[in-house]
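Inside the fold
Read off the chains here:
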Amino acid sequence: MPIRRIAFCAAAMIIAATNFADARPDTRKMTCVQTQALIQSRHAVVLTTGANTYERYVRQFGNECDAPYVPMVDYVPASDGRCMVYRCEEPAPMVPD
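Summary of the structure given here. Predicted model only: the values in this text are computed from it and were never measured. (Residues numbered from 1 in each chain as written. Predicted model: local features only at pLDDT ≥ 70, side-chain atom pairs only at ≥ 80, totals over all residues. Heavy atoms only, no water.)

With that out of the way, let us pick up the overall build of the protein chain. Within the protein chain, the regular secondary structure consists of two helices and four strands. Each helix and strand of the protein chain, placed in order from N terminus to C terminus, yields the pattern α-α-β-β-β-β. Per-residue burial over the protein chain gives 25% buried out of 97 residues. Within the protein chain, counting contacts between residues at least 6 apart in sequence, those at least 24 apart form 31% of the total. Summing over all exposed atoms, the protein chain offers an accessible surface of approximately 7,300 Å²; the carbon and sulfur share of this is 60%. (Helix = DSSP H or I, 4+ residues; strand = E, 2+ residues; numbered from the N terminus. Buried < 20%, exposed > 50% of the residue type's maximum accessible area, 1.4 Å probe, protein only. Contact = heavy atoms within 4.5 Å. Areas by Shrake-Rupley, 256 points an atom, 1.4 Å probe, with all protein chains shown as cover.)

This paragraph deals with the state of the cysteines. In this structure the tally under the stated criterion is two disulfides. Cysteine 32 shares a disulfide with cysteine 83; S-S distance 2.2 Å. What sets the handedness of the cysteine 32 and cysteine 83 disulfide is the S-S torsion sign, and at about 75 degrees it is right-handed. In this pair, cysteine 32 is assigned in helix α2 (residues 32-42) and cysteine 83 in strand β4 (residues 81-89), connecting sequence segments 51 residues apart. Summarising the burial analysis for this pair, cysteine 32 and cysteine 83 share the class buried. (Disulfide = S-S within 2.5 Å.)

Enumeration according to the criterion identifies zero aromatic pairs in this entry. Across from the ring centre of tyrosine 54, 4.2 Å away, lies the NZ or CZ of arginine 24, which sits over that ring. Sitting above the plane of the tyrosine 75 ring, arginine 82 keeps its charged end 4.3 Å from the centroid. (Phe/Tyr/Trp six-rings, centres within 6.5 Å; stacked < 30°, edge-to-face > 60°. Lys NZ or Arg CZ within 6 Å of the ring centre and 35° of its normal.)

Next up, the structure:
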């Protein structure tokens, strides 16, 4: 009986770990319109953009960025080409050096 329980627990942990690995949407598997719609619907979302890269993207207008950060244009790969999105960045100073 204990062997069955151990096997069941091990199988449950493997299934849970596999599901967590796919939890972050991949921009390369979505069209640009789908990527932008996902960001708009969730206001902010962490997206996979490459084999080992990910980033948090936000709506253009909203309060998803903490001060002094603001939404700045960025481009991510999509299944239909490059896609324009926004991510929080600190703006460059307007005063020349």
